[in-house]
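Understanding the architecture of this molecule
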Amino acid sequence: MNICVVGTGYVGLVTGAVFADLGNEVVCVDNVAKKIAQLQAGQMPIYEPGLEEMVARNVADGRLTFTTDLAAGVRRAVIVFITVGTPAKDTGQTDLAAVEVVARQIAEAMERYTVIVNKSTVPVGTGNLVREVIERHQTTPVPFDVVSNPEFLREGSAIEDTLRPDRIVIGAPTQQVAMTLLELYAPLERPMIITDVPSAEIIKYASNAFLATKISFINSIANICELAGADVTQVMKGMGLDPRIGPAFLQAGLGYGGSCFPKDTDSLIHTAATLGADFPLLRAVVDTNRERASHFVRTIEKALAPLDDKTLGVLGLAFKPNTDDMREAKSVEVINRLVERGATVRAYDPVAVGNARALLPPGVVYCESPYAAATDADGVVLVTEWNEFKLLNLERLRTVMRRPAVFDGRNLWEAERMKRLGFEYHSMGRKPVLPS
Ligand code: UDX
């Protein structure tokens, strides 16, 4: 099938590469010429395991091309995917400006029947909006359909998630249109839900809001565990064995960040309000998440106060492991608060330092290894649970530190082991190991 993907961000680039890998002819469009030039030269604008190889393979085979020429891309395509950014406005409302611009350009370029698919995360009603924009701006009045096909990929496992999604949601105005998408996705052999456009749009937000709710719920339980002397990791295990609850997304810690959950929860609250429904549950989820970084810094402060003469080694800056993405990363909030209190911060991340520099305060010292970050530190603060931190030589870490205090924002290490190794150890929702 001839496919055009407009927008080469996370979703667009990964989707385009995977469709090409399935044997389709894919052209990826972006209006940023520099990005397209980089992609044509084989350079990836994002870090994603397996992406570079997949893109290279399909470019070499001639199935995947990159261009700034949207009209040319649209004219040769049967299906056009809209995968442009949908950032949040200050009000929490989703900014659909890029979607509208692209819809207008598609309308102006279309010369024959085309299926336009919204893959960007867009609030319910956007399918209608796109249809209206296209109707208004068509130069050649050809028929078209607008479909909602939300993306559920996670950063760090984007290729795997796109090749083996839990489900494929297709919101289409008619069965016939749905069949076109069904045919495209058939080789993946994954469960498909065929529904109407607004339901598909809501499935995406409801899923992310529910996952965010699980995280804020367990973090609230973690607060209670801290006060009651209980262990949230045990509580989570006990809850997770109930199949109606399940263990996934019940890791207590610094809360959720990234480009999706914070934005999507705000957007759903806004959409609900616009439609006349209040969503106090989701507002509490957002507030609970906002509290996590300050709660963590209070723990650090309580143990080490005053912080103005202290050095802290921060491990992990990306919003989660296996990505260089710093959007809504908890490290920014944690480090800002530490620096505000006068602490010296020595930071290490395996891949996110390049992106972190612009977001973190100027005085932060960037280190080449976790051990360098911990050298002469009064405490090590773990913010992102990269696997390499799990495998650290903790004896070596302790010997380079001035004071062996560890603050684990993701419950990565076992309290018993930290105690044996002679650390003072504070984590989330578990009893601290205090110096004897
Ligand atoms: C998420 C959704 O999983 C994906 O389906 C959607 O399309 C986009 O948003 P992503 O933002 O890549 O994907 O990250 P994800 O792995 O889901 O983690 C989100 C955040 O939740 C991270 O900050 C992570 O640290 C946090 N988290 C996750 C927890 O704090 N506890 C958990 O138990 C799970």
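Structure's up top.
Residues numbered from 1 in each chain as written. Predicted model: local features only at pLDDT ≥ 70, side-chain atom pairs only at ≥ 80, totals over all residues. Heavy atoms only, no water.

Some thoughts on the environment of G23
- Here G23 lies in the loop between α1 (10-21) and β2 (25-29).
- Overall, G23 belongs to the partly exposed group, its relative accessible area being 47%.
- As for G23 and L64, which are separated by 41 residues in sequence, their C-alpha atoms are 9.7 Å apart. (Helix = DSSP H or I, 4+ residues; strand = E, 2+ residues; numbered from the N terminus. Buried < 20%, exposed > 50% of the residue type's maximum accessible area, 1.4 Å probe, protein only.)

Describing unusual backbone geometry
- The residue after A305, namely P306, is reached through a cis peptide bond having omega -5 degrees.
- Within the element layout of this structure, P306 appears in the loop between α13 (292-304) and β9 (311-315).
- One non-glycine residue, E328, lies in positive phi territory at about 55 degrees.
- Mapping E328 onto the fold places it in the loop between β9 and α14 (330-340).

Describing the pairing of strand β10 (residues 344-348)
- By the bridge criterion, five bridges tie β9 to β10 in an arrangement that is parallel. Opposite T311, over in β10, you have T344 as the bridge partner.
- For the handedness criterion, the β-α-β arrangement of β9, α14 and β10 is classed as right-handed.
- Bridge count for β10 against strand β11 (residues 365-366) is two bridges, and the pairing is parallel. (Pairing = 2+ DSSP bridges. Right-handed = clockwise from strand over helix to strand, strands pointing away.)

As for the environment of E25
- Inspection of the secondary structure assignment puts E25 in strand β2.
- Expressed as a C-alpha distance, the spacing of E25 and C4, which sit 21 residues apart in the sequence, is 8.5 Å.
- When sequence neighbours within four positions are dropped, the list of residues in contact with E25 reads M1, N2, I3, G62, R63 and R76. (Contact = heavy atoms within 4.5 Å.)

Digging into the site of the ligand
- The environment of the ligand is made up of 19 residues, and the closest members are F152, E155, K204, Q251 and K320.
- Within the side chain of K320, a nitrogen or oxygen atom sits 2.8 Å from an oxygen atom of the ligand.
- Here the ligand, which alone exposes 680 Å², has 90% of that area covered by the protein.
- Here the residues of the shell around the ligand sort into nine nonpolar, four polar and six charged. (Near = heavy atom within 4 Å. Polar contact = N/O pair within 3.5 Å; in protein donor to acceptor, adjacent residues only side chain to side chain. Areas by Shrake-Rupley, 256 points an atom, 1.4 Å probe, with all protein chains shown as cover. Nonpolar A, V, L, I, M, F, W, Y, C, P; charged D, E, K, R; others polar.)

Digging into the packing of aromatic side chains
- Tallied over the full model, the rule gives five aromatic pairs.
- Aromatic side chains Y348 and F389 sit 6.0 Å apart centroid to centroid with 65 degrees between the ring planes, which places their arrangement in the edge-to-face category. Taken as a pair, Y348 in strand β10 and F389 in helix α17 (residues 387-390) lie far apart in primary sequence, 41 residues in all. F389 carries the same exposure label as Y348, and that label is buried.
- Put simply, the rings of F19, F81 and Y185 pair up and form one aromatic cluster.
- A cation over an aromatic ring shows up here: R396 above the ring of Y371, its NZ or CZ 3.8 Å from the ring centre. (Phe/Tyr/Trp six-rings, centres within 6.5 Å; stacked < 30°, edge-to-face > 60°. Lys NZ or Arg CZ within 6 Å of the ring centre and 35° of its normal.)

Some thoughts on the nonpolar core
- Residues L317, L338 and W413 are the most contacted members of the largest nonpolar core, which totals 54 residues.
- The element best represented in this core is α13, accounting for five residues.
- Judged by nonpolar contacts, the second largest core, of 37 residues, contains A17, I46, L51 and V147. (Core = buried A, V, L, I, M, F, W, Y, C linked by side-chain atoms within 4.5 Å.)

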